[in-house]
Amino acid sequence: MAEEQDKAAMQEEELQAEELQQDGDVELSGDVEPSLEEQLEAAKQAVADAQEQALRAAAEAQNSRRRAEKDAENARKFALEKFAGDMLPVVDNLDRALASADITDEALKPILEGVELTRKTLVDALARHNVEQLNPVGEPFNPEYHEAMAMVPNPDAEPNSVMDVMQKGYTLNGRLLRAAMVVIAKAP
């Protein structure tokens, strides 16, 4: 009886194997291999995508290089900005010392000459590093470079022009370092 059961089990396994093989044949016949033209189109599209990615990568690399060069150039140009800004009050104080000194006193002349030479040396050193002084007397008011402190009626001056400078302004390589404090003329 065991033999009969073994034979029946083997026959059943063979039937199942044949069914699986037939199912596999059906599945394989369902998969249609792409034609050569479709393969060519797919390859062309892949090449076009790869070329576009390469162009984008090259453009991004070039943009990054330009940005880095510009950042380095700005760092060189404006590295002295904080230091130059700290030196401006020194120039202002030397100007105030010269303006308030009694020039008729003979005993003070050597001191005044020393202060004037110190001021000139400092202003020249700043100028060598592209720090330029703004003294806009008589020029039209420009809010980018001037800070209006007062408006005074003046029939002799053109309206909206700078009559007086309370504190000189400065630029570093064309960038505003400190705005000039000015008095503006207005129509009477």
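First things first, this report covers the structure right here in the doc. Note that this is a predicted model, so its numbers are computed, not measured. (Residues numbered from 1 in each chain as written. Predicted model: local features only at pLDDT ≥ 70, side-chain atom pairs only at ≥ 80, totals over all residues. Heavy atoms only, no water.)

## A few points about the overall build of the protein chain
In terms of regular secondary structure, the protein chain is built from four helices and six strands. The order of α-helices and β-strands along the protein chain, N terminus first, is α-α-α-α-β-β-β-β-β-β. The 188 residues of the protein chain split such that 18% are buried. A fraction of 64% describes how many contacts in the protein chain between residues 6 or more apart in sequence connect residues 24 or more apart. For the protein chain, the accessible area works out to roughly 14300 Å², and carbon and sulfur atoms hold 55% of it. (Helix = DSSP H or I, 4+ residues; strand = E, 2+ residues; numbered from the N terminus. Buried < 20%, exposed > 50% of the residue type's maximum accessible area, 1.4 Å probe, protein only. Contact = heavy atoms within 4.5 Å. Areas by Shrake-Rupley, 256 points an atom, 1.4 Å probe, with all protein chains shown as cover.)

## Quick notes on the environment of Asp95
Counting through the fold element by element, Asp95 comes out in helix H3 (residues 81–100). Spatially, the C-alpha atoms of Asp95 and Val115 are 8.9 Å apart, while their sequence positions differ by 20 residues. Beyond its immediate sequence surroundings of up to four residues, Asp95 is in contact with Arg119 and Lys168.

## Side note on unusual backbone geometry
We note that Asn130 has phi near 65°; this positive angle belongs to a residue other than glycine. Inspection of the secondary structure assignment puts Asn130 in the loop between helix H4 (109–128) and strand E1 (131–134). Under the relative-accessibility criterion, Asn130 is labelled partly exposed at 38%. Unlike most non-glycine residues, Asn173 shows phi in positive territory, near 50°. Looking at the secondary structure, you find Asn173 in the loop between strand E4 (169–172) and strand E5 (175–178). According to the relative accessible area criterion, Asn173 is partly exposed, its value standing at 24%.

## Thoughts on the sheet that holds E1
Read across the open sheet, the three strands follow the order E1-E4-E5; overall the sheet is antiparallel. Pairing within the sheet leaves two strands with one partner each, and these edge strands are E1 and E5. Pairs of neighbouring strands in the sheet enclose a mean axial angle of 35°, with direction left out of account. One ladder, built from four bridges, connects E1 with E4; its direction is antiparallel. Among the inter-strand pairings, Gln133 is bridged to a residue of E4, identified as Tyr170. (Pairing = 2+ DSSP bridges. Axes fitted to C-alpha atoms, helices over the stretch in contact; angles between N-to-C directions.)

## Overview of the packing of H3 against H4
As a packed pair, H3 and H4 sit with axes 10 Å apart at the nearest point and diverge in direction by 150°. Regarding the angle of H3 to H4, the classification is roughly antiparallel. The hand of the H3/H4 crossing is left-handed. Here Ala84, Met87, Leu88, Val90, Val91, Leu94, Asp95, Ala97 and Leu98 of H3 come into contact with H4, specifically with Leu112, Val115, Glu116, Thr118, Arg119, Leu122, Val123 and Leu126. Residue composition of the contact of H3 with H4, grouped by class: 13 nonpolar, one polar and three charged. (Parallel < 35°, antiparallel > 145°, perpendicular 65-115°, else oblique. Left-handed = near helix turned anticlockwise from the far one by under 90°. Nonpolar A, V, L, I, M, F, W, Y, C, P; charged D, E, K, R; others polar.)

The values reported here are purely geometric and, on their own, carry no functional implication.
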